[in-house]
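Structural features, examined
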Amino acid sequence: MKILYVDQTGQLGGGELAILPWLRAHPEGAHVVLFEDGPFRPLIEECGIPVDVFTLDTLKGVRRESGVRSILSALPAFASLRGRLARLAAGFDLLYANSQKAFLLAALSKRRGQPLIWHLRDILTAEHFSPILRKLAVFAGNRYASVIIANSHATAESFVAAGGLRHKVRVVHDGIDPRPFDSITPEAIAVLRKEIGSESSPMIGIFGRLSPWKGQHILLEAISAIPGAHAVLIGDALFGESVYAEGLKLRANQPDIAGRVHFLGFRRDIPALMQAMDIIVHASTSPEPFGLVIVEGMLARKPVIATRAGGAIEIIQEGESGMLVTPGSISELRTAIERLLSDPAATERLSRDGRRRAEMFSLEALFQGISTVIGEFKSRD
Ligand code: UDP
């Protein structure tokens, strides 16, 4: 089956990292279109999959929070991109959109009757999307998507609550390969802790792009009242959120936490870095669509504290395989960190049970879910 995958970005965001193992395992008949070049492209090409980059800078102006004016101003760019995509798409049996912008473009570019799968990786609530983009996404999803794969029940329910058709939605949780988390040596961990520069202090890691709703600022406030605790921030400002990143750096220089905050930027050695931490925190202030970093932290056999919303509550069973705190609550996060630092037995138990739980979010289950959806169209050929 010839499948054209479409993704709006060449950056390595969660959506791109989540689909990569599937592409790696299913290169035959696959072709990818990106609307922006970046480190994602060579990783797809390494799988033996051809990639086209259809760049149009004006599209970058359309963001999740965009209103009518910026959407209208991007229409000519959309039209030209649509033409190129339609010409390419005509030769494929199935279109597979891995992001929202990609879905909207694919919906406008597909031939009549050509199946289109939308892998929905966003929570369609007012916190994440402007009303106009939400309406557009739901209208197009109902009308043009053959099937919508939602990466969590939270994502699926947000689509339905915004007016989306439930019968189109299949929930397929993201999956992660546990093996890279099992091959890290104690020496490698020691080297990393030395590199970070606070070998003997407790290190609290927060993984993910630097963005206000990812809540890195909440962690900085929480550690300010925990003497000796260090915060390690892994990730960069990927999608134009550099003002927030600058703000974090200014905050990190203030006397109460100066020398206790480490910015490592975007890294590719996530399994090793996770194992170098004492605790892993996920501090998103609005519901996380899935939360790959939560599962990764659990696979690394580390105690994970996440915020009680979205995909996080589908991953963590509170108090058993991890801890959950109220989104945005500095005091609850501080208390949870203090509890783990002072109770090695609880930490050990959470880490062990967290690993067992995280193994449920396997690549096998992910592949099975995607294959079943694609299989619906094979049988219709
Ligand atoms: N990640 C990475 N390098 C970094 C920071 C994050 O490779 O420096 C990865 C992280 O391991 C995870 C993904 O980026 O696999 C983030 O996915 P998540 O679902 O947590 O958040 P999203 O980016 O989709 O909002």
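Quick caveat, the model's predicted, so the values are computed rather than measured.

If you trace the six strands from one edge of the open sheet to the other, you get β10-β9-β8-β11-β12-β13, paired in parallel fashion. At either margin of the open sheet sits one strand with a lone partner, and together these are β10 (261-265) and β13 (323-325). The sheet shows a mean angle of 25 degrees between the axes of neighbouring strands, direction not considered. Contacts from helix α12 (residues 292-299) reach β8 (203-207), β11 (279-281) and β12 (304-307), with the element oriented near 165 degrees to β12. In this fold helix α14 (residues 330-342) packs onto β8, β11, β12 and β13, with an angle of close to 160 degrees to the strand it touches most, β13.

What follows concerns the environment of Arg 112. The topology assignment puts Arg 112 in the loop between α5 (100-109) and β5 (116-120). The sequence separation of Arg 112 and Val 191 amounts to 79 residues, and the corresponding C-alpha distance is 57 Å.

We note that the domain assignment places domain 1 (3-175 + 362-378) and domain 2 (179-358) within the chain. Domain 1 puts 21 residues into the contact, and the matching count from domain 2 is 15 residues. At the boundary of domain 1 with domain 2, total buried surface from both sides reaches about 1500 Å², with 62% on carbon and sulfur atoms. For the interface between domain 1 and domain 2, the tally reads zero salt bridges. Across the contact surface, domain 1 and domain 2 share five residue pairs in polar contact (both at pLDDT 80 or more). Among the elements of the structure, α1 (14-25) and α7 (153-161) are those that each provide at least two residues to the side of domain 1 that touches domain 2. Broken down by class, the residue content of the side of domain 1 that touches domain 2 amounts to six nonpolar, 10 polar and five charged.

Along an α-helix, a turn takes 3.6 residues, which lines up residues three or four apart on a common side. With 14 residues, helix α6 (residues 131-144) extends 20 Å between its outermost C-alpha atoms, agreeing within 8% with the 20 Å of an ideal straight helix rising 1.5 Å per residue. If you check which residues of α6 are buried, you get Leu 133, Ala 137, Val 138, Ala 140, Gly 141 and Asn 142.

Surveying the vicinity of the ligand reveals 16 residues, the closest of which are Arg 209, Lys 214, Arg 267, Leu 292 and Glu 296. Separating a nitrogen atom of the ligand from a backbone N or O atom of Arg 267 is a distance of 2.8 Å. For the ligand, the accessible surface in isolation is 550 Å², of which the surrounding protein chains cover 90%. It is α12 that contributes the most residues to the shell around the ligand, three residues altogether.

The rules behind the values
- Residues numbered from 1 in each chain as written.
- Predicted model: local features only at pLDDT ≥ 70, side-chain atom pairs only at ≥ 80, totals over all residues.
- Heavy atoms only, no water.
- Pairing = 2+ DSSP bridges.
- Helix = DSSP H or I, 4+ residues; strand = E, 2+ residues; numbered from the N terminus.
- Axes fitted to C-alpha atoms, helices over the stretch in contact; angles between N-to-C directions.
- Contact = heavy atoms within 4.5 Å.
- Domains from an automatic or database assignment.
- Buried area = accessible area lost by both parts, 1.4 Å probe.
- Salt bridge = Lys/Arg side-chain N within 4 Å of Asp/Glu carboxyl O.
- Polar contact = N/O pair within 3.5 Å; in protein donor to acceptor, adjacent residues only side chain to side chain.
- Nonpolar A, V, L, I, M, F, W, Y, C, P; charged D, E, K, R; others polar.
- Expected span 1.5 Å × (residues − 1).
- Buried < 20%, exposed > 50% of the residue type's maximum accessible area, 1.4 Å probe, protein only.
- Near = heavy atom within 4 Å.
- Areas by Shrake-Rupley, 256 points an atom, 1.4 Å probe, with all protein chains shown as cover.

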